Amino acid sequence: MNTIQKATVSIIIPYYNSMEFIGDCLNSVLSQSYTNLEIIIINDGSDTENTGYLETLLQDKRIVYLKNDSKQGVAYSRNKGLSSVTGELVFFLDSEDILTENGIELLVAHIKEAPAIAGKTKRLLKPTDLEIPQPPEVIVTDQPSHKIFHSGSILNVLMRNSFIKERSIRFYEETEGATDISGIIPFILYVKSLPCLNIYTYFQRVRNDPISNPSLVQRSIQERTRDFIKNYMELTKQYGKSELLKEYLDGLLLRFYRRQVINIFQDKKHMDEFFALLSSAMKEVNPATIASQPRHIKREINQLRSGSKDKFIKGFRFHVEVRDFKNAIKGFTRLKRYIYNKFFLRFPMKENYIIFESFLGKNYSDSPRNIYEYIIENNLDYQCIWVFNEKNRKIPGNAKIVKRFSLAYYYYFAVSKYWINNMRQPLHLVKREGNVFLETWHGTPLKKLVFDMKDVYSANPRYKQDFYMQSRAWDYLLSPNRYSSEIFRSAFKFDNEMLEYGYPRNDILYSPQKEEIVARVKNNIGIPDNKKVVLYAPTWRDDDYYEPGKYKFQLQLDLHKMKETLGDDYVVALRMHYFIADDINVEGLDGFAFNLSKYDDIAELYLISDILITDYSSVFFDYANLKRPILFFTYDLDKYRDQLRGFYLDFENEGPGPLLKTSDAVIEAISNIDEVKKQYADRYDAFYERFCSWHDGKSTEKVVKRLLLNDK
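This structure is a prediction, so every number in the text was calculated from the model and none was measured.

Caption draft 1: Representation of unusual backbone geometry within the structure. With a phi angle near 55 degrees, Trp-441 is a residue other than glycine that sits in the positive phi range. Not every positive phi belongs to a glycine, and Lys-627 is a case in point at roughly 55 degrees. Inspection of the secondary structure assignment puts Lys-627 in the loop between helix 22 (619-623) and strand 23 (630-633). By relative accessible area, which is 52% here, Lys-627 ends up exposed.

Structure, rendered in structure tokens:
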């Protein structure tokens, strides 16, 4: 065996408040097929909770634990790690990232006489990315150093400690970000090319909470720009006489500018500061490098170099207009958004226009429906607009019906003063000054939401960031109980007015006309009067999806066995979550199973049902208003509770009904439903008091008076 293959590899891991990731990161290191490791972890002043968690993981004798008394930054921590290195080889790993099982072994095996070797990096957006197939054989190619470090990152590079010492590699500590570049400099200066593997050795995780705990690259564009330019100016001052290095630094600056210029100058408050910063930086760029840039970029850079701010701003705005127009003509969807932004948003706002949407345009339902019907029943002077996925929807009253994402949709969102929705709105909708947004939300939470979730298994890795941006537009948020109010404040980071009136959608459950509604609904669906109804309403699973917003669902409830045992007395109404894309197969179950997933108003299905079966859906909080039996079919409880979401409620001890794991157990519970009711009576009463006591059948009236009549 080559002697280098017996070498100790020192892996340096700076750590700051990233307990949700460090376990996976450290496990990937400890399970390496190459075991001759020195693992140097530098705790960069993390808080007590994060420090405590980290220190429970430090059992392996190969771990060296260093701790900064206060946060000093990643550059300081890496430099501290370098001062403690004893291994012949050094590797930098971020605390949220993951190594492939044989990553270090492959890098060590192929470094040979080179001062360093680079692996292949994969961005890890979701857990399934870890399963990406590898090439069938290892291929090593030499690549120019400036290409390897094209992105300005030193991660996933195994380097010799002798080279680090010989070239005095250290990281610039005066900025928080963009510090890798200072460590890369010696490679650009002294190493023409380096070997590279075609095999993935490193998974670079994208943090899912850039709001509460951002990575360095997820900080604001203002912070990143300041750091980048400070690093560029300092390194240019030190190494600007080297043509090779100057070309590399200039290339980094120009790529940063091209990617970020529009983001940088969208913030008019900082226009003067960043014009001055970029102006000073661009004066240092070699004119020959500028000459190779696109014409409009070249013009902007020359204006920055000359300090012509007025000309630059005029040219920059033209650049943005051209970009937006070119993007708009690539398709009708983009064109509609362009018209919305450039024209509709300039139209006068209509003070008495209200636009409604429920469940992404799929339904005429939920609290928006109740608020709308109160307005028309009381002849309030408002023009109402309803958004649906289909233009030909028929609803009561004289509301204007618009198709979701049509040109009319964008027009009415632009001019309507009031927006009422029970879901998050699309990110590209712009809330204007004077808009009033009522977010009714769509349920009392059992499972953890948004910022109360440590990790996200959703199809959208930008879930938390997107949610934060969307919820900034909400002026009012409805709450059904005190428990929800506390969670919404935390999980949504919501600081505006909470309307603690209960949900308007539940008013129907207290209606004096309940019996007439039940008779009408059963007749419309075709359910015999002599049959009791079991409503099955499960939720979706975060980790099982086709794409964002379209989730898979395999029915685990044995409907055929239920029909055999219960079919003389019961029918089953199936109501899937609106995210579930699969059609539920009820073939051979005619007259027993009714797929009502597209039925508009689930509250009407509550009224006709005698028993509810659910799992982790919030429907049981609403259904409890009826004080009818609830069964929980929780066949995957351990996974859902411990891995996917986690619960706010002590579900097993506080839920108002039994938790059942099999279809047989569900059938037995229905067969003995009177015994179940007696067994859970006390728990049900306590549950009702805690979660349903705000509801009195007048929630809609209270909401309308507060929203439209300013009645507190």
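Caption draft 2: How the structure looks around the packing of helix 12 (residues 295-306) against helix 13 (residues 309-328). The interhelical angle for the contact between helix 12 and helix 13, taken along N-to-C directions, is 160 degrees, at an axis separation of 9 Å. Relative to helix 13, the element helix 12 is oriented roughly antiparallel. In the crossing of helix 12 with helix 13, the sense of the turn from one axis to the other is left-handed. For the pair helix 12 and helix 13, the contacting residues are His-296, Ile-297, Glu-300, Gln-303 and Leu-304 in the first and Lys-311, Phe-312, Gly-315, Phe-316 and His-319 in the second.

Caption draft 3: Expanded view of the sheet that holds strand 24 (residues 659-660). In spatial order, the strands read 21-20-17-22-23-24; together these 6 strands make up an open sheet with parallel pairing. The open sheet terminates on both sides in strands that have one partner only, identified here as strand 21 (593-595) and strand 24. Note that strand 22 (residues 611-614) and strand 23 share 3 bridges and pair parallel. Looking at the pairing, Ile-613 lines up with Leu-631 of strand 23.

Caption draft 4: Local environment of the pattern of salt bridges. Applying the stated criterion to the full structure yields 33 salt bridges. When the shortest N-O distance is used, the salt bridge between Arg-167 and Glu-166 registers 3.5 Å. Exposure remark for Glu-166: the relative accessible area of 54% places this residue in the exposed category.

Caption draft 5: A look at empty space enclosed by the protein. Applying the stated criterion to the full structure yields 1 cavity of 30 Å³ or more. Here the largest cavity defines a volume of roughly 30 Å³. In terms of lining residues, the largest cavity is bounded by Ile-355, Glu-357, Phe-413, Trp-419, Ile-420, Asn-421 and Phe-437. Put simply, the parts of the chain that give the lining of the largest cavity at least two residues each are strand 10 (350-357) and strand 13 (416-421). Looking at the lining of the largest cavity, the element that brings in the most residues is strand 13, giving 3 residues. For the lining of the largest cavity, a count of residues per class yields 5 nonpolar, 1 polar and 1 charged.

Caption draft 6: Summary view of the sheet that holds strand 15 (residues 476-478). Reading across the sheet, the 7 strands line up as 12-11-10-13-14-15-16 and stay open at both edges, with parallel pairing between neighbours. Across the chains shown, the open sheet's two edge strands, defined by having one partner strand only, are strand 12 (400-403) and strand 16 (497-499). Neighbour to neighbour, the strand axes of the sheet diverge by 20 degrees on average, direction disregarded. As paired elements, strand 13 and strand 14 (residues 436-439) share 4 bridges and run parallel to each other. Across the sheet, Ile-420 pairs through a bridge with Leu-438, a residue of strand 14.

Caption draft 7: Quick peek at the pairing of strand 17 (residues 532-536). In terms of burial, strand 17 is largely enclosed, as 4 of its 5 residues are buried. Bridge count between strand 17 and strand 20 (residues 570-574): 5 bridges; the pairing is parallel. Bridge pairing in strand 20 links Val-534 to Val-572. Bridge analysis of strand 17 against strand 22 gives 3 bridges, and the strand direction is parallel. Residue pairing for strand 22: Leu-535 is matched across the bridge by Leu-612.

Conventions and cut-offs
- Residues numbered from 1 in each chain as written.
- Predicted model: local features only at pLDDT ≥ 70, side-chain atom pairs only at ≥ 80, totals over all residues.
- Heavy atoms only, no water.
- Helix = DSSP H or I, 4+ residues; strand = E, 2+ residues; numbered from the N terminus.
- Buried < 20%, exposed > 50% of the residue type's maximum accessible area, 1.4 Å probe, protein only.
- Axes fitted to C-alpha atoms, helices over the stretch in contact; angles between N-to-C directions.
- Parallel < 35°, antiparallel > 145°, perpendicular 65-115°, else oblique.
- Left-handed = near helix turned anticlockwise from the far one by under 90°.
- Contact = heavy atoms within 4.5 Å.
- Pairing = 2+ DSSP bridges.
- Salt bridge = Lys/Arg side-chain N within 4 Å of Asp/Glu carboxyl O.
- 1 Å grid on protein atoms, 1.4 Å probe; cavity = no way out; pocket = protein on both sides within 12 Å on 5 of 7 lines; lining within 4 Å.
- Points joined across faces, edges and corners; volume = space filled by probe spheres on them.
- Nonpolar A, V, L, I, M, F, W, Y, C, P; charged D, E, K, R; others polar.

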